[in-house]
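# An overview of the molecular structure
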Amino acid sequence: MARPTLCENMKILALNNISAFTPQRAKDFGKTNYGLKMSQPLAHDSVSFGSTLGEAYINQLHKPAHVRKMQRNATIYMDVIESIAMKLKDHGISFDRAYCEKHAIKSPEACGSKVSRSGTFKVPDSIRATLYCSDIYNLSILNDKILPAFEERGYIVAKTEVPVEQMLKKGYLPTKQELEKKEVSVLDLDIRLYDVEDQVGKLEPKYKYSIGNPPNSGYEDVQIRFKKEDDTSQSPDLFELIILPGKNFAKAKSYESDKVYSQTRKLGELAFIKNMKNERDIALAKRYIAMIKSMLNLGISQKLFGAAKNLDVYGMENNIVMNMSEGDINVIKSAFADLRRVARNYYDTIELRAKSFKTIARIKSERANDARILTETQKNLLEAIDFFNNAGNLKKLPEID
């Protein structure tokens, strides 16, 4: 996450690089969700973290006993999904086991990165799989076929905590205790599909608040986290299931995630945006990032997922071509230049105000890291545009690794 180790008599699991560790997040440290548990709950709401504790956490995930457990759980999970897909094939259900087995277990490094970003040891997708459903927009398939099939095999939908504000937007009336806690415990099922709100009556009442909103990229899916029904521990192992319309949509997801989403997400790591106090400059920086994302959504992501949906759901011949113009590319380059200008003005100002060598060194380090993020992200995104422009349409994209 002398170098500490994680052992049974330790009271906490430790984490490296947590920039904002709140009391609530401290309580979350008892919920590791992939087999790493504390021997005792935290006695206090705050803890300190050394610089090498993140490495100790990752080393724990590499231990042979833990690896064997994860592999065994993943194999059984794949067996279950494969049997369900065979049973429900007449309902448009299919499963590509070879594809899923390549990424069935989240790597220790990826887990460590996620924990570092979130500030909690809750990693709900440490074991994951993808199921295809060509009739995904018919929610009765999910409610009457898929979920009962998993329950018959001992996998039930787990609980998760969501902010009260998010539930209020869905029409949920929280209790006094939930308002005080600012969280609501709900079943971990998120239906992120377009135009299915009128089908809420097809869902069991316990799932009535499970219809969410797809991202602006045009990506759609159903996300479920299961737990084993007989696992009554406080932090049960979780098993993620992503339901997609089909193999073409999975291919689109893989390429969009690698070449677009994973790159634009790095812009959220820019230190100058997190540290600026000037509200206008913050708004400007966020607007430039929004412009970059919007251009890529319109030029690549929405077309990519739209083409995949045509192929998998409707069986339509794909004639959607991805071709971002030179003008589109210049808008993105200009937005990056404007981001650099805002960053330069911010760092120039605070360096002049800095009083100590330690502060100046920190500022210079943050400035260099932000410059690296901007340079690498712009380069990678321009290469992605070139890739998709040359790919032409979805059918011409290489197969998923």
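Residues numbered from 1 in each chain as written. Predicted model: local features only at pLDDT ≥ 70, side-chain atom pairs only at ≥ 80, totals over all residues. Heavy atoms only, no water.

Where helix H9 (residues 247-264) meets helix H11 (residues 279-314), the closest approach of the two axes is 8 Å, and the angle between their N-to-C directions is 170°. Comparing their axes, H11 and H9 come out roughly antiparallel. In this structure, H9 uses Lys247, Asn248, Phe249, Ala252, Lys253, Glu256, Val260 and Thr264 to contact H11, whose residues at the interface are Lys293, Leu296, Ile300, Ser301, Leu304, Phe305, Ala308, Lys309, Leu311 and Asp312. For the contact of H9 with H11, the residue count by class is nine nonpolar, three polar and six charged. (Axes fitted to C-alpha atoms, helices over the stretch in contact; angles between N-to-C directions. Helix = DSSP H or I, 4+ residues; strand = E, 2+ residues; numbered from the N terminus. Parallel < 35°, antiparallel > 145°, perpendicular 65-115°, else oblique. Contact = heavy atoms within 4.5 Å. Nonpolar A, V, L, I, M, F, W, Y, C, P; charged D, E, K, R; others polar.)

A few words now on H9. With 18 residues, H9 ought to run about 26 Å at 1.5 Å a step, and its terminal C-alpha atoms sit 25 Å apart, in line with that. Its maximal kink placed at Ser257, H9 deviates by approximately 50°. Of all the residues in H9, the buried ones are Phe249, Ala250, Lys251, Ala252, Tyr255, Glu256, Val260, Ser262, Gln263 and Thr264. Against helix H4 (97-101), strand E2 (128-133), strand E8 (239-244), H11 and helix H13 (357-391) lie the buried residues of H9. (Expected span 1.5 Å × (residues − 1). Bend = angle between axes of the 7 residues up to and from the residue. Buried < 20%, exposed > 50% of the residue type's maximum accessible area, 1.4 Å probe, protein only.)

Let us look at the pairing of strand E5 (residues 183-187). Counting buried positions along E5 yields four of five residues, so the element is predominantly enclosed. Relative to E5, strand E4 (residues 159-163) runs antiparallel, the two sharing five bridges. Of the residues in E5, the one forming a bridge with Lys159 is Leu187. (Pairing = 2+ DSSP bridges.)

To continue, consider the environment of Tyr255. Assignment of secondary structure puts Tyr255 in helix H9. Classification of Tyr255 as buried rests on a relative accessible area of 12%. In contact with Tyr255, other than residues within four places in its own chain, are Val260, Phe387, Phe388, Leu397, Pro398 and Glu399.

Under the definition given, this model contains eleven aromatic pairs. Three or more aromatic residues link up through ring pairs in this structure, and these residues are Tyr77, Tyr155 and Phe239. Sitting above the plane of the Phe387 ring, Lys259 keeps its charged end 4.4 Å from the centroid. (Phe/Tyr/Trp six-rings, centres within 6.5 Å; stacked < 30°, edge-to-face > 60°. Lys NZ or Arg CZ within 6 Å of the ring centre and 35° of its normal.)

Now for the pattern of salt bridges. As enumerated under the stated definition, the model contains 19 salt bridges in all. Residues Asp237 and Lys69 are paired through a salt bridge, measuring 3.3 Å at the closest nitrogen-oxygen approach. Residue Asp237 is found in the loop between strand E7 (221-228) and E8, and its partner Lys69 is found in helix H3 (residues 64-87); the two are separated by 168 residues along the sequence. Relative accessible area serves as the criterion here: at 22%, Lys69 is assigned to the partly exposed category. With its nearest N and O atoms 3.0 Å apart, the salt bridge here joins Asp221 to Arg192. Linking Asp221 in strand E7 with Arg192 in strand E6 (residues 189-192), this pair joins segments that are 29 residues apart in sequence. A single salt-bridge network, built from bridges that share partners, covers Asp79, Glu82, Arg97 and Glu101. (Salt bridge = Lys/Arg side-chain N within 4 Å of Asp/Glu carboxyl O.)

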